[in-house]
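Now for the letters of each chain:
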Amino acid sequence: MAITQNLIDQIKEKILQKISHTYLFQHIQKPVIDDERLLLILSILKEAKLSDKDIEKYTITTMLIQIALDTHELITNESQSKDLEKNRQLTVLAGDFYSGHYFQLLAEAEDIDMIKILAEAIKEINEQKIVLYQKAAANMEELVKSIGIVEHALVDKLIAAFQMEEWKNLSIFILLIKRLLKEKNTYNETGSSLVMDTFSSEKWKEKNKNEAPAELILGKCLEDACGHLQKAMNSMPVCINTLLLEKIQLLLNECQQQMYVEEG
């Protein structure tokens, strides 16, 4: 199985076929499938020397869980109109619907061990989401660790299951940078994001004795993560496929542009 854009598009199409639901898509936002995450998972599983069938199975199931988790993140507890309340309830059901396909796929394959492995990742992710939403991280190290677990736990479990530890540093910093850039872009567009609001909160300032603007704090996080990603690339003991290398370079370029804007 060669990793090409055509393969990624084929797997995305299979994922969409599994989660497609006419009524849901009429009322809620159609799920976005993260190309970079999908490519990363494919790259790791390909190096694990699995069969093409297993590579596809584990890629699809992991992405189904990610889509379910991302969908549940869209849910808000704010008071809403009747129409928006219907949308909220359908979003809850949609997340459950997507994750149900993950259980079904692995159960049909009688892959109970992988169900347990990925379920443990879901538990860890939800625990760290509570930390983030409650702004409970005591310092930058704890905050970045929580974000890293939220973004990387599913991939981390695959890495451990198939003994692909050489991919750990590279994958965690790819996903961490993607999340930090997303937080920054959301903040630029709306004036608010989970991580930026944490940096701006009185609780954070009191804990860290830090009056620096949230933009500068996030910029420092991005700079550090980019440095770690560069080191991880240079120390990889296996070849990284061309498509993934291109995506990583685009990610690093976007970081540089964002930091250049901040400095300007």
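What counts, and where the lines are drawn
- Residues numbered from 1 in each chain as written.
- Predicted model: local features only at pLDDT ≥ 70, side-chain atom pairs only at ≥ 80, totals over all residues.
- Heavy atoms only, no water.
- Helix = DSSP H or I, 4+ residues; strand = E, 2+ residues; numbered from the N terminus.
- Buried < 20%, exposed > 50% of the residue type's maximum accessible area, 1.4 Å probe, protein only.
- Contact = heavy atoms within 4.5 Å.
- Phe/Tyr/Trp six-rings, centres within 6.5 Å; stacked < 30°, edge-to-face > 60°.
- Axes fitted to C-alpha atoms, helices over the stretch in contact; angles between N-to-C directions.
- Parallel < 35°, antiparallel > 145°, perpendicular 65-115°, else oblique.
- Left-handed = near helix turned anticlockwise from the far one by under 90°.
- Core = buried A, V, L, I, M, F, W, Y, C linked by side-chain atoms within 4.5 Å.
- Domains from an automatic or database assignment.
- Nonpolar A, V, L, I, M, F, W, Y, C, P; charged D, E, K, R; others polar.
- Salt bridge = Lys/Arg side-chain N within 4 Å of Asp/Glu carboxyl O.
- pLDDT = per-residue confidence, 0-100.
- Polar contact = N/O pair within 3.5 Å; in protein donor to acceptor, adjacent residues only side chain to side chain.

In the nomenclature of an unreviewed UniProt entry, the chain corresponds to Heptaprenyl diphosphate synthase from the organism Niallia nealsonii.

Colleague: Where do I start with the overall build of the chain in this structure?
Modeller: When its secondary structure is counted, the chain shows twelve helices and zero strands. Starting at the N terminus and ending at the C terminus, the chain contains elements arranged as α-α-α-α-α-α-α-α-α-α-α-α. Counting over 264 residues, the chain shows a buried share of 44%. Considering only contacts in the chain between residues 6 or more positions apart, those separated by 24 or more positions represent 72%.

Colleague: What should I look at first to understand the packing of aromatic side chains in this one?
Modeller: Overall, the coordinates contain two aromatic pairs when judged by the stated rule. Between the aromatic rings of Y58 and F162, the centroid separation amounts to 5.4 Å while the plane-to-plane angle is 50°, which identifies the pairing as tilted. Here F162 lies in the loop between α7 (140-161) and α8 (168-190) and Y58 lies in helix α4 (residues 52-72), a separation of 104 residues in the sequence. With 5.3 Å between their ring centres and 65° between their planes, F199 and W204 make a pair best called edge-to-face. The pair formed by F199 and W204 is uniform in burial state, with each residue classed as buried.

Colleague: I'm lost on the packing of α8 against helix α11 (residues 214-234) in this one. Help?
Modeller: Between two packed helices, the angle of one axis relative to the other and the distance separating the axes together describe the packing. Where α8 meets α11, the closest approach of the two axes is 9 Å, and the angle between their N-to-C directions is 155°. Taken as axis vectors, α8 and α11 run roughly antiparallel relative to one another. Viewed along their axes, α8 and α11 form a crossing whose handedness is left-handed. Seen from α8, the contacting residues are N169, L170, F173, I174, L176, I177, L180, L181, K184 and Y187; seen from α11, they are E215, L218, C221, L222, A225, C226, H228, L229, A232 and M233.

Colleague: Explain the nonpolar core here, please?
Modeller: Nonpolar side chains in soluble globular proteins tend to be buried together. With 76 residues, the main nonpolar core has I15, W167, L170, I177, F199 and L229 as its most contacted residues. Take this core: its biggest share by element is ten residues, from α11. A domain-level breakdown of this core finds at least three residues from each of domain 1 (1-110) and domain 2 (140-263). If we skip the residues at most four places from it in the chain, L170 touches L229, A232, M233, M236, I240 and I248.

Colleague: I keep staring at unusual backbone geometry and nothing clicks. Help me out?
Modeller: For K49, which is not glycine, the phi torsion reads 65° and is therefore positive. Structurally, K49 is set in the loop between α3 (35-47) and α4. Residue K49 is classed as exposed on the basis of its relative accessible area of 70%.

Colleague: What is the right way to look at the packing of α7 against α8 in this model?
Modeller: Where α7 contacts α8, the two axes come as close as 9 Å, and the packing angle between them is 135°. Considered as vectors, α7 and α8 are oriented oblique to each other. Between α7 and α8 lies a crossing of right-handed hand. Listed contacts from α8 to V144, I147, G148, V150, E151, H152, V155, D156 and I159 of α7 are K168, S171, I172, L175, L176, R179 and L180. When the residues that make up the contact of α7 with α8 are grouped by side-chain class, the tally is nine nonpolar, three polar and four charged.

Colleague: What is the right way to look at the pattern of salt bridges in this model?
Modeller: Opposite charge on two side chains permits pairing when their charged atoms draw close. Inspection of the entire model under this criterion finds 14 salt bridges. For the salt bridge of K178 with E36, the shortest nitrogen-to-oxygen distance reads 3.2 Å. Of this pair, K178 sits in helix α8 while E36 sits in helix α3; the two residues are 142 residues apart in sequence, bridging distant segments of the chain. Residue classification places K178 among the buried positions, given a relative accessible area of 18%. E36 gets classed as partly exposed once you look at its relative accessible area, which sits at 27%. It is possible to trace a salt-bridge network through shared partners that takes in D34, E36, R37, E151, K178, R179 and E183.

Colleague: Would you explain the confidence of the model for the chain in this entry?
Modeller: Low pLDDT means the predicted coordinates in that region are not meant to be read closely. Per-residue confidence for the chain gives a mean pLDDT of 86, with 84% of residues at or over 70. By mean pLDDT, the top-scoring element of the chain is α3 (96), and the lowest-scoring one is helix α2 (residues 22-27) (62).

Colleague: Explain the side chain of N241 here, please?
Modeller: Assignment of secondary structure puts N241 in the loop between α11 and α12 (242-263). Within the local environment of N241, its side chain forms a polar contact with the side chain of S43, the two groups lying 2.7 Å apart. Of the polar contacts made by the side chain of N241, one reaches the backbone nitrogen of L244; its length is 2.8 Å.

Colleague: Is there a simple way to explain the environment of S200 in this structure?
Modeller: Its place among the elements puts S200 in helix α9 (residues 194-200). Separated by 14 residues in sequence, S200 and A214 place their C-alpha atoms 5.8 Å apart. The residues touching S200, leaving out its near neighbours within four places in the chain, are K205 and A214. Within the structure, S200 has its side chain in polar contact with the backbone oxygen of M196 (distance 3.1 Å).

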